[in-house]
Amino acid sequence: MSLADLTFAHWRSLDRAAAGRIAHEAAAQAGGRVVLLDTVDHLGGPLHRVRIERAGREFALIPGGPVRLGFDLDAWTPTPAQVADYEESRAEGYGYELPLKEYLAEVLSPVRTATPATVLMAVEDEALTGPADAMPEVLAARGLRMPSADEWEHACGAGAGTLFRWGNECPLDEPSYGGGGVRHEPNAFGLHIAYDSYATELSGDRTAVHGGDGGEAVCGGYGALLAWLPLATAQRNPSTAEFVYGPDGEGMCEEFSTRPVFSLR
């Protein structure tokens, strides 16, 4: 079986020895070495996590196959605190005129099924070294590429289906930026991802950015929930993407990042 065709469901069915063999095969393809193989509880069952060091950077194994992406707004009920905080933002007149669920329908990706390949994805995002349009060539010189939007979302949520990778709630009394808190805990695949609302991660989709809004909601004082929502797994931050790829974002490449991917075969 091609490693690229390994499915998330099959990966979860493997014992530790079988997972280890796949981990070492992936490391060999990447020209790296396995530095971590552990098992965590995720979605009511075991999930093996693999980290591979390649050229001084660590990559996590992200099993793919048919996966459900997007956020199901019909199945979600916001907490009273979330509703109250959003209503305060609406009352302040920041342009958020729609009710909460209608607003989220505009900025979150829809529920769908996708079939990403199994890949190695960088544990940490890395700052752009030039214009966004130049990054595919820059990464290709290192045997890497940018993730697709679906790959980023799957890698972040790891099949959870919740608003945030850790659940449906966020600590409204804590900042969505800076150090500490649930944001900085590794996700199910071992990635440091969706950890700071000041971040702006680029994928291959020019209509979306991920993992943050560059600090717009925080700096604008839009409210606690609106400051946390850029970290939502399915959030595409469309207004931030418009800025990043527009004329105003051309000279700010160092403020943006991407999460390199190594394609397995």
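What you see is a predicted model; the values in this text were computed from it and never measured.

### Topic: the pairing of strand β3 (residues 57-62)
In summary, the side chains of a regular strand alternate between the two faces of the sheet.
Next up, step 1: Taken together, the four bridges between strand β2 (residues 45-54) and β3 define a ladder with antiparallel strand orientation. In the sheet register, R51 faces β3, and the bridge partner there is A60.
Next up, step 2: Between β2 and β3, which pair antiparallel in sequence order, lie two residues; one of them, A55, sits at a positive phi of approximately 50 degrees.
Next up, step 3: Two elements, β3 and strand β6 (residues 119-122), share four bridges in a ladder whose sense is antiparallel. Each residue of the ladder has a partner; that of F59, found in β6, is A122.

### Some details on unusual backbone geometry
Note: most residues except glycine have negative phi, and most peptide bonds are trans.
Next up, step 1: Positive phi, normally seen in glycine, also occurs at A55, with a value near 50 degrees.
Next up, step 2: Residue classification places A55 among the exposed positions, given a relative accessible area of 73%.
Next up, step 3: With a phi close to 50 degrees, A158 is a non-glycine residue in the positive phi region.
Next up, step 4: Among the structural elements, A158 can be located in the loop between α6 (149-157) and β8 (201-202).

### So, the state of the cysteines
Next up, step 1: In total, this model carries zero disulfides according to the counting rule given.
Next up, step 2: As a non-bridged cysteine, C219 has C170 as the owner of its nearest cysteine sulfur, 18 Å distant.
Next up, step 3: Among the cysteines around C253, which has no disulfide bond, C219 carries the closest sulfur, lying 19 Å off.
Next up, step 4: Judged by relative accessible area, C253 falls into the buried class, the value being 18%.

### Focus on the confidence of the model for the protein
Next up, step 1: Chain-level statistics for the protein give a pLDDT mean of 96 and a share of 100% at 70 or above.
Next up, step 2: Across the protein, element-level confidence peaks in β6 with a mean pLDDT of 99 and bottoms out in helix α9 (residues 238-244) with 94.

### Notes on the environment of A160
Next up, step 1: Inspection of the secondary structure puts A160 in the loop between α6 and β8.
Next up, step 2: When the C-alpha positions of A160 and P99 are compared, they lie 25 Å apart, and in sequence the two are 61 residues distant.
Next up, step 3: If we skip the residues at most four places from it in the chain, A160 touches L43 and R165.

### Side note on the nonpolar core
Next up, step 1: With 53 residues, the main nonpolar core has W11, L61, I62, L120, L191 and L202 as its most contacted residues.
Next up, step 2: Looking at which element gives the most residues to this core, the answer is helix α2 (residues 16-30), with seven residues.
Next up, step 3: Setting aside residues up to four positions removed in sequence, L202 forms contacts with L128, A132, M146, P147, V209, V244, Y245, F256, S257 and T258.
Next up, step 4: Core analysis: the second largest hydrophobic core is formed by 23 residues, F71, C170, A217 and W228 among them.

### Description of the pattern of salt bridges
Next up, step 1: Going through the model one piece at a time under the given rule, you end up with 16 salt bridges.
Next up, step 2: Ionic contacts of the salt-bridge type, sharing partners, join the residues R112, D150, E153, D205 and R236 into one network.

### Describing the side chain of T200
Next up, step 1: Within the secondary structure, T200 is located in the loop between α6 and β8.
Next up, step 2: With relative accessibility at 3%, the residue T200 sits in the buried group.
Next up, step 3: A polar contact of 3.2 Å, which involves the side chain of T200, links it to the backbone nitrogen of G214.
Next up, step 4: Setting aside its immediate chain neighbours within four residues, T200 contacts V209, H210, G212, D213, G214, T240, V244, F256 and S257.

Cut-offs applied
Residues numbered from 1 in each chain as written. Predicted model: local features only at pLDDT ≥ 70, side-chain atom pairs only at ≥ 80, totals over all residues. Heavy atoms only, no water. Pairing = 2+ DSSP bridges. Helix = DSSP H or I, 4+ residues; strand = E, 2+ residues; numbered from the N terminus. Buried < 20%, exposed > 50% of the residue type's maximum accessible area, 1.4 Å probe, protein only. Disulfide = S-S within 2.5 Å. pLDDT = per-residue confidence, 0-100. Contact = heavy atoms within 4.5 Å. Core = buried A, V, L, I, M, F, W, Y, C linked by side-chain atoms within 4.5 Å. Salt bridge = Lys/Arg side-chain N within 4 Å of Asp/Glu carboxyl O. Polar contact = N/O pair within 3.5 Å; in protein donor to acceptor, adjacent residues only side chain to side chain.

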